[in-house]
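In case you want the letters, here they are:
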Amino acid sequence: LVAFEAIGARFFSLALADVPTQLVHSGDRAAFDSLAAAHVDLAHAVRDALAPGAVLWLVPTDYLGVAATDYLEILGARLDPAIEVAWTGPTVLSPRLRTAETAKRARTLGRRLLVWDNVPVNDGPMRRMLHLGPYSGRDADLAQHVSGVLLNPMELVRASTVSLRTAAD
């Protein structure tokens, strides 16, 4: 972390999206009452290692969907409110982001969401797809429940231009 801060990085992401959904090691099970508690502890340790003014984004294990889970409720209750929590919407690649769904997830976490929008990504099983259209399907009033939007562009940088530029508009 120090090396990244030394070259000017101010935003850091702790991505716990694709980790086991349960505590695996007996020592972790003895130390933490839940996976969420372990993730809160880890996020706070990372935050404490950062310089003042640095921003930490957390991609939780439950990064998609609308329903509240025990994991998300614990995360929302125990996580420092300054740590932003990412959400992809109802699905991994959500065709629409509705205000009501966004508000529901924001209430569960007790904070505005950082939308981690997998638009116009084409990695993994979507490798053969090209998303060449404008950024759309997002309700205009999401800002009341959202702290920001991160777009996940395609590996084909120039092909991502239309989506990225229309998102900026």
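Scroll up for the structure.
About the criteria used
- Numbers given for residues are sequential positions, taken from 1 along each chain in its written order.
- With the structure being a predicted model, the display of local features is reserved for residues of pLDDT at least 70 and the display and counting of side-chain atom pairs for 80 or more, all residues being used for whole-chain, interface and lining totals.
- As a convention, hydrogens and water are excluded, and side-chain values are obtained from all of the structure's heavy atoms.
- Strands are treated as partners if at least two bridges between them are detected by DSSP.
- Runs of E in the DSSP output that reach at least two residues are strands. Runs of H or I that reach at least four are helices, and both are numbered from the N terminus.
- To get an axis, fit a line to the C-alpha atoms, keeping to the stretch in contact for a helix; angles then go from 0 to 180 degrees between the N-to-C directions.
- Orientation labels follow simple angle bins: below 35 degrees gives roughly parallel, above 145 gives roughly antiparallel, 65 to 115 gives roughly perpendicular, and whatever is left gives oblique.
- Working rule for contacts: check all heavy atoms of both residues, and any pair within 4.5 Å makes them a contact.
- Any residue that is not Ala, Val, Leu, Ile, Met, Phe, Trp, Tyr, Cys, Pro, Asp, Glu, Lys or Arg is counted as polar, Gly included; the first ten are nonpolar and the last four charged.
- Here a cavity denotes a set of grid points, spaced 1 Å apart and computed over the protein atoms alone, in which a 1.4 Å probe fits but from which it cannot get out, and a pocket denotes an open set meeting protein on both sides within 12 Å along at least five of seven lines; residues with an atom within 4 Å of a point are reported as lining.
- Grid points are joined across faces, edges and corners, and a volume is the space filled by probe spheres set on the points.
- Relative accessibility under 20% of the residue-type maximum defines a buried residue, over 50% an exposed one, and the middle range a partly exposed one, all with a 1.4 Å probe and only protein chains included.
- To qualify as a nonpolar core, a set must consist of buried Ala, Val, Leu, Ile, Met, Phe, Trp, Tyr and Cys residues joined through side-chain atoms within 4.5 Å.
- The residues that make up patches have over 30% relative accessible area and no salt bridge, and they are joined within 9 Å when like-charged or within 5 Å when they are Val, Leu, Ile, Met, Phe, Trp or Tyr.
- We get accessible surface area from the Shrake-Rupley algorithm with a probe of 1.4 Å; when it comes to residues, only the shown protein chains can shield them.
- Throughout this description, the term salt bridge denotes a Lys or Arg side-chain nitrogen within 4 Å of a carboxyl oxygen of Asp or Glu.
- Here a Phe, Tyr or Trp ring, Trp counted by its six-membered ring, pairs with any other such ring whose centre lies within 6.5 Å, and the pair is stacked when the planes are under 30 degrees apart, edge-to-face when over 60, and tilted otherwise.

Novice: An account of the sheet that holds strand β2 (residues 55-59) is requested, with residue identities and associated values reported.
Specialist: One open sheet holds the 5 strands; their spatial order is β1-β2-β3-β4-β5, and the pairing between them is parallel. Of all the strands in the sheet, the pair left with one neighbour each is β1 (11-15) and β5 (146-152). Adjacent strand axes in the sheet meet at a mean angle of 30°, parallel and antiparallel pairs treated alike. Examined bridge by bridge, β1 and β2 share 5 bridges and lie parallel to one another. Pairing of F11 across the sheet is with V55, part of β2.

Novice: I'd like a rundown of the packing of helix α4 (residues 70-78) against helix α5 (residues 99-109), residues and numbers included.
Specialist: Look at α4 against α5: their axes get within 7 Å of each other, and the N-to-C directions meet at 60°. In terms of orientation, α4 lies oblique with respect to α5. Touching L72, E73, L75 and G76 of α4 are R105, T108 and L109, all from α5. Across the contact of α4 with α5, the residue classes break down as 3 nonpolar, 2 polar and 2 charged.

Novice: Run through the layout of surface pockets, naming residues and quoting values.
Specialist: Here the largest pocket is characterised by a volume of approximately 180 Å³. Along its surface, the largest pocket is lined by 14 residues, and L23, D28, L35, A38 and H39 are the ones closest to its centre. Class assignment for the residues of the lining of the largest pocket results in 9 nonpolar, 3 polar and 2 charged. If you add up the space inside the second largest pocket, you get close to 160 Å³. Lining the second largest pocket are 13 residues, with V119, P120, H131, P134 and S163 sitting closest to its centre.

Novice: Tell me about the environment of D41, and please be specific about residues and values.
Specialist: On the secondary structure map, D41 appears in helix α3 (residues 35-49). Of the residues examined, D41 reaches a relative accessible area of 43% and is grouped as partly exposed. Remark: the alpha-carbon pair of D41 and R78, spanning 37 residues in sequence, is separated by 9.1 Å.

Novice: Help me get a handle on the side chain of T108, residues and values and all.
Specialist: Along the chain, T108 turns up in helix α5. Excluding its chain neighbours within four sequence positions, the residues that come into contact with T108 are A68, L72, E73 and G76.

Novice: Provide a residue-level description of the nonpolar core, including the pertinent values.
Specialist: Membership of the largest hydrophobic core comes to 28 residues, with the highest contact counts inside it found for L14, L56, L58, L75 and L79. Of all the secondary structure elements, the ones that give two or more residues to this core are β1, α3, β2, α4, β3 (84-87), α5 and β4 (113-120). Top contributing element to this core by residue count: α3, with 6 residues.

Novice: Residue-level account of a nonpolar patch on the surface, with values.
Specialist: A cluster of nonpolar side chains, L130, L132 and L156, forms an exposed patch at the surface whose accessible area comes to about 280 Å². Relative to the helices and strands, L156 is located in the loop between β5 and α6 (161-168). Since its relative accessible area comes to 44%, L156 is described here as partly exposed.

Novice: Which residues make up the packing of aromatic side chains, and what values go with them?
Specialist: Counted by the stated rule, this structure contains 2 aromatic pairs. Taking 5.4 Å as the distance between ring centres and 55° as the angle between the ring planes, the aromatic pair formed by Y63 and W116 counts as tilted. Linking Y63 in the loop between β2 and α4 with W116 in strand β4, this pair joins segments that are 53 residues apart in sequence. For Y63, a relative accessible area of 12% translates into the label buried. Classification of W116 by relative accessible area gives partly exposed; the value is 23%.

Novice: So what's going on with α5? Residues and values would help.
Specialist: Every buried residue belonging to α5 is among T99, T102, A103, R105, A106, T108 and L109, and all of these are buried. Lining the buried residues of α5 we find α4, β3, β4 and β5. Positive phi appears at G110, one or two residues downstream of α5, with a value of about 65°.

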